[in-house]
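# Structural description and commentary
The primary structure of each chain is shown beneath.
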Amino acid sequence: MRRSREHLEAGRLQDATEDLEHAAEARPEDAGLRLALARVLFLRNDLRGARRAVDEALELDPGSGPAHELSGDLYDREGLLNKAVGEWETAAAAGGSHALAAKIDRARREMAAEEGMGRESGRHFIVLYERDVPQALVRGFFGFLDRAFDVLHDRLGEYPRGDITVILYSRDAFRDITRMPDWAGGAYDGKIRIPVGGLSDVEEAAGLPGILVHEMTHAFLHQMAPQGLPLWFNEGIATAFQGWDVAAARAWFAAHGDQAELLTTLDDVDRTLRGRGGSVTAGYAAARLAVADLEELRGFGAVRRIVAAVGEGRPFAEAFRDETRLEVGEFEERWAKGLR
């Protein structure tokens, strides 16, 4: 267990998986090992493997609160909210984590919001929408979604398995479910969530294709590397596909030098993107420029290979160094100079 924990802390998810699989085979009666394996598989987005492992853990220890909580997390990821709440309530009764109350509250709000929603299915997507969203807008969304999917698949060489759920909310419902600030144009948390209140047809939705591409990029990246990508890297790729112009981003920093001074490290960008200081626009623009600098150095193929390597369980810093022949800190100095 100690060696697998070291692998996990270092971001070596594949190595952690292999160690736990061998340990579980050697000690088939140990529910804790099954649960640890399920957690690592969940981090790797291997939902089928995680489900098998957590079910085995519960067979060995039916009263395990942590196992019931993870089982609920799996149902939540699969969109089975009723089952998720049931498992979380069982975990809470067994003395589960402090996060359980928030999970149950969020799921109940989501179920209430989705009750009575319309539902349409397409080639890769399931779209849920409030009844007052016009059908013309819903049908038009499928065209946006399919085009975005094809572009991302072509550039990234990977795609999410199974249908992607897209939920179209009123602005109030979006804010209530996601707890996102008013400036947020969308969210991805396993489902793509978009506020579309007040729109009557596709022609009025001029800004939505970019938002959809942005959130769908997060869905693709989550499939490819569910753990280990820094926020600046993730958002930098998403803003690139969304169409943020590099020259415009540089011009923005030229006009807002005070914001550039607040961003001296990539960790500063992550904090800004999380709303912990500075302008959110500055955070997204800085992330876009970081990925643009990386593309300029080694091409987009390097970006894709870094994502793939992290998805295979390698630490980001190691994958970054191998592809760029630079330490992250060296790259960071180059990027920071470009903001000023």
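Residues numbered from 1 in each chain as written. Predicted model: local features only at pLDDT ≥ 70, side-chain atom pairs only at ≥ 80, totals over all residues. Heavy atoms only, no water.

At a minimum axis distance of 12 Å, the contact between helix α11 (residues 231-242) and helix α16 (residues 300-311) shows a crossing angle of 135 degrees. By the angle between their directions, the pair α11 and α16 is classed as oblique. α11 and α16 meet at a crossing whose hand is left-handed. For the pair α11 and α16, contact is made by Phe233, Ile237 and Phe241 and by Phe300, Val303, Ile306 and Val307, respectively. Class assignment of the residues belonging to the contact of α11 with α16 gives a composition of seven nonpolar, no polar and no charged. (Axes fitted to C-alpha atoms, helices over the stretch in contact; angles between N-to-C directions. Helix = DSSP H or I, 4+ residues; strand = E, 2+ residues; numbered from the N terminus. Parallel < 35°, antiparallel > 145°, perpendicular 65-115°, else oblique. Left-handed = near helix turned anticlockwise from the far one by under 90°. Contact = heavy atoms within 4.5 Å. Nonpolar A, V, L, I, M, F, W, Y, C, P; charged D, E, K, R; others polar.)

Low pLDDT means the predicted coordinates in that region are not meant to be read closely. When the pLDDT values of the protein chain are averaged, the result is 88; 94% of them are 70 or greater. The secondary structure element of the protein chain with the lowest average pLDDT is helix α1 (residues 2-9), at 65, and the one with the highest is α11, at 97. (pLDDT = per-residue confidence, 0-100.)

With that out of the way, let us pick up the packing of aromatic side chains. Applying the stated criterion across every chain yields a total of twelve aromatic pairs. With centroids separated by 5.2 Å and ring planes inclined at 90 degrees, the aromatic side chains of tryptophan 252 and phenylalanine 253 adopt a geometry described as edge-to-face. In this structure phenylalanine 253 comes out as buried when scored by relative accessible area, which is 2%. Between phenylalanine 316 and phenylalanine 320, the aromatic rings sit 5.6 Å apart at their centres with planes inclined by 40 degrees, giving tilted as the arrangement. In this pair, phenylalanine 316 and phenylalanine 320 both sit in helix α17 (residues 316-324), four residues apart, roughly one turn of the helix. Here phenylalanine 316 falls in the buried class, since its relative accessible area comes to 11%. Given the relative accessible area of 0%, phenylalanine 320 is considered buried. In this structure an aromatic cluster arises from ring pairing among Trp232, Phe233, Phe316, Phe320 and Phe331. Across from the ring centre of tyrosine 75, 4.1 Å away, lies the NZ or CZ of arginine 51, which sits over that ring. (Phe/Tyr/Trp six-rings, centres within 6.5 Å; stacked < 30°, edge-to-face > 60°. Buried < 20%, exposed > 50% of the residue type's maximum accessible area, 1.4 Å probe, protein only. Lys NZ or Arg CZ within 6 Å of the ring centre and 35° of its normal.)

Glancing now at the sheet that holds strand β3 (residues 164-169). One open sheet holds the five strands; their spatial order is β1-β2-β3-β5-β4, and the pairing between them is mixed. Either end of the sheet is taken by a strand with one partner, and the two such strands are β1 (118-121) and β4 (187-188). Alignment of strand β2 (residues 125-129) against β3, held across five bridges, turns out to be parallel. For valine 127, the partnering residue across the bridge sits in β3 and is valine 166. Most of the contacts of helix α7 (residues 100-114) go to β3, to which it runs at about 75 degrees, and overall it touches β2, β3 and β5 (192-195). (Pairing = 2+ DSSP bridges.)

Turning next to the nonpolar core. With 64 residues, the main nonpolar core has Leu168, Met216, Trp232, Phe233, Phe253 and Trp335 as its most contacted residues. Not counting chain neighbours up to four residues away, the residues in contact with leucine 168 comprise Met117, Val127, Leu128, Tyr129, Glu130, Val133, Val138, Phe141, Ile194 and Val196. By size, the runner-up hydrophobic cluster in this structure holds 20 residues, among which are Leu35, Ala36, Leu58 and Ala67. (Core = buried A, V, L, I, M, F, W, Y, C linked by side-chain atoms within 4.5 Å.)

This part takes up the environment of arginine 27. Here arginine 27 shows up in the loop between α2 (13-26) and α3 (31-43). Given a relative accessible area of 42%, arginine 27 falls into the partly exposed group. For arginine 27, the residues in contact, after removing those within four places along its chain, are Leu33 and Arg34.

Enumeration over the complete set of coordinates arrives at 25 salt bridges. Measuring nitrogen to oxygen at the nearest pair gives 2.3 Å for the salt bridge that ties arginine 108 to glutamate 89. Taken together, the positions of arginine 108 in helix α7 and glutamate 89 in helix α6 (residues 81-93) put the pair 19 residues apart, joining distant regions of the chain. Note on arginine 108: relative accessible area 44%, which makes it partly exposed. Between aspartate 293 and arginine 250 there is a salt bridge; the shortest N-O distance is 3.0 Å. Residue aspartate 293 is located in helix α15 (residues 280-298), and its partner arginine 250 is located in helix α12 (residues 246-255); the two are separated by 43 residues in the primary sequence. The partly exposed category is assigned to arginine 250, whose relative accessible area is 29%. Among the ionic contacts, a cluster of salt bridges with common partners joins Asp76, Arg106, Glu110, Glu114, Asp189, Lys191 and Arg193. (Salt bridge = Lys/Arg side-chain N within 4 Å of Asp/Glu carboxyl O.)

The next subject is the packing of α3 against helix α4 (residues 47-60). Between α3 and α4, whose axes approach to 8 Å, the crossing angle comes to 160 degrees. With respect to α4, the axis of α3 lies roughly antiparallel. Judged by the twist between their axes, the crossing of α3 over α4 is left-handed. In this structure, α3 contributes Ala31, Arg34, Leu35, Leu37, Ala38, Leu41 and Phe42 to the contact, and α4 contributes Leu47, Gly49, Ala50, Ala53, Val54, Glu56, Ala57 and Leu60. Looking at the contact of α3 with α4 residue by residue, the class counts come to twelve nonpolar, one polar and two charged.

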